[in-house]
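# Coordinate analysis (summary)
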Amino acid sequence: MKILILNGPNLNLLGRREKSIYGSRSFEDYLEKDLIPGFPDMELEYFQSNTEGTLIDKLHEVGFHYQGIVFNAGAYTHSSLALADAIAAIETPVIEVHISNVYAREATRHVTYIGGRCVGSISGFGLESYRLALQYFERQKPNKV
Ligand code: DQA
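Note that the structure is a prediction, hence the values are computed from the model and not measured.

## A look at helix α5 (residues 128-138)
Considered for burial, the residues of α5 that qualify are Ser129, Tyr130, Ala133, Leu134 and Phe137. The buried residues of α5 occupy an angular sector of 135° when the element is viewed end-on, so they sit on one face. The inward-facing, buried residues of α5 abut β1 (2-7), α2 (27-38), β3 (68-72), β4 (94-98) and β5 (120-123).

In structure tokens:
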């Protein structure tokens, strides 16, 4: 089962960025020590970009082949109709994830353009939000896409 973990803008700075909100661990460390060993039967690919168009290109590239996409669109969540359209255009199911609980933060973060195009949303469990999303895909039947 091929799964893409896709991180959007500023998430390359996890571990260094606003640690009180996002924690002190880099995503690469979490991926290597927790996610990859935790899901030995999954083929996990990780990609991060700070650029909206690059994220769209990546969704198009894998979105007719992979079995799932775990997507933290960062601040584009709250602004990008183009990313919402890209998720609607592809066949691979996408789960929206957030490290922080966006609903407990500023009102502008309560709006998600992409949420309605996704299978579901997971928000507020720290880095464990990604694990919860992978657990959903792990339980899906193979060859759905
Ligand atoms: C975030 C929440 C967004 O509001 C914010 O812009 C981010 C990270 C999260 O993972 O909690 O960059 O997606």
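And the narrative resumes.
## Concerning the sheet that holds β4
One open sheet accounts for five strands, arranged β2-β1-β3-β4-β5; its pairing is parallel. Where the open sheet ends on each side, the last strands, each with one partner, are β2 (43-48) and β5. In this sheet, adjacent strand axes meet at a mean angle of 20° when their direction is disregarded.

## Quick word on the site of the ligand
Every residue lining the ligand is accounted for by Asn10, Asn72, Gly74, Ala75, Thr77, His98, Ile99, Ser100, Val102 and Arg109. By residue class, the composition of the shell around the ligand is three nonpolar, six polar and one charged.

## As for the environment of Phe137
Mapping Phe137 onto the fold places it in helix α5. Residue class for Phe137 comes out buried when judged on the 20 C-beta atoms lying within 10 Å of it. Phe137 sits 136 residues away from Met1 along the chain, and the two C-alpha atoms are 8.9 Å apart.

## With respect to the packing of helix α3 (residues 52-62) against helix α4 (residues 81-89)
The contact between α3 and α4 brings their axes to 9 Å, and the two run at 5°. Judged on the interaxial angle alone, α4 and α3 are roughly parallel. Judged by residue contacts, Glu52, Leu55, Ile56, Leu59 and His60 of α3 engage Ala82, Leu83, Ala86 and Ile87 from α4. Of the residues assigned to the contact of α3 with α4, the class counts are seven nonpolar, one polar and one charged.

## What about the confidence of the model for the protein chain?
Per-residue pLDDT for the protein chain averages 96, and the proportion of residues at 70 or more is 97%. This prediction of the complex comes with two scores: 0.96 for pTM and 0.99 for ipTM.

## Here we look at the packing of α2 against α5
In the contact formed by α2 and α5, the axes pass within 11 Å of each other and the chain directions differ by 15°. For the element pair α2 / α5, the angle class is roughly parallel. Viewed along their axes, α2 and α5 form a crossing whose handedness is right-handed. Seen from α2, the contacting residues are Asp34, Leu35 and Gly38; seen from α5, they are Tyr130, Arg131 and Leu134. Residues that form the contact of α2 with α5 fall into these classes: three nonpolar, one polar and two charged.

Here is what the cut-offs are and how they apply
Think of each chain on its own: its residues are numbered from 1, step by step along the sequence as written. Reporting of local features is limited, given that this is a predicted model, to residues whose pLDDT is at least 70; pairs of side-chain atoms are given and counted only at 80 or more, and all residues count toward the totals for whole chains, interfaces and linings. Exposure classification rests on a simple neighbour count of other C-beta atoms within 10 Å of a residue's own: a residue reaching 20 or more is buried, one at 12 or fewer is exposed, and one in between is partly exposed. C-beta atoms are placed from the backbone. A run of DSSP states H or I qualifies as a helix once it reaches four residues; a run of E qualifies as a strand once it reaches two. Both are numbered from the N-terminal end. It is the directions from the helix axis to the C-beta atoms that the arc portrays. Any two residues are considered in contact once their C-beta atoms, placed from the backbone, lie within 7 Å. When DSSP finds two or more bridges between two strands, those strands count as paired. Lines fitted to C-alpha atoms define the axes here, with helix axes fitted over just the stretch in contact, and angles between the N-to-C directions of these axes take values from 0 to 180 degrees. Nearness rests on one distance test: the residue's C-beta atom, set from the backbone, must lie within 6 Å of the molecule or strand. When residue character is reported, Ala, Val, Leu, Ile, Met, Phe, Trp, Tyr, Cys and Pro are called nonpolar, Asp, Glu, Lys and Arg charged, and the others, Gly included, polar. Here is the rule for angles: anything less than 35 degrees is roughly parallel, anything more than 145 is roughly antiparallel, 65 through 115 is roughly perpendicular, and the remaining ranges are oblique. Confidence of the predictor at the level of single residues is captured by pLDDT, which takes values from 0 to 100. Take the far helix as your reference; a near helix turned counterclockwise from it by less than a right angle gives a left-handed crossing, and one turned clockwise gives a right-handed crossing.

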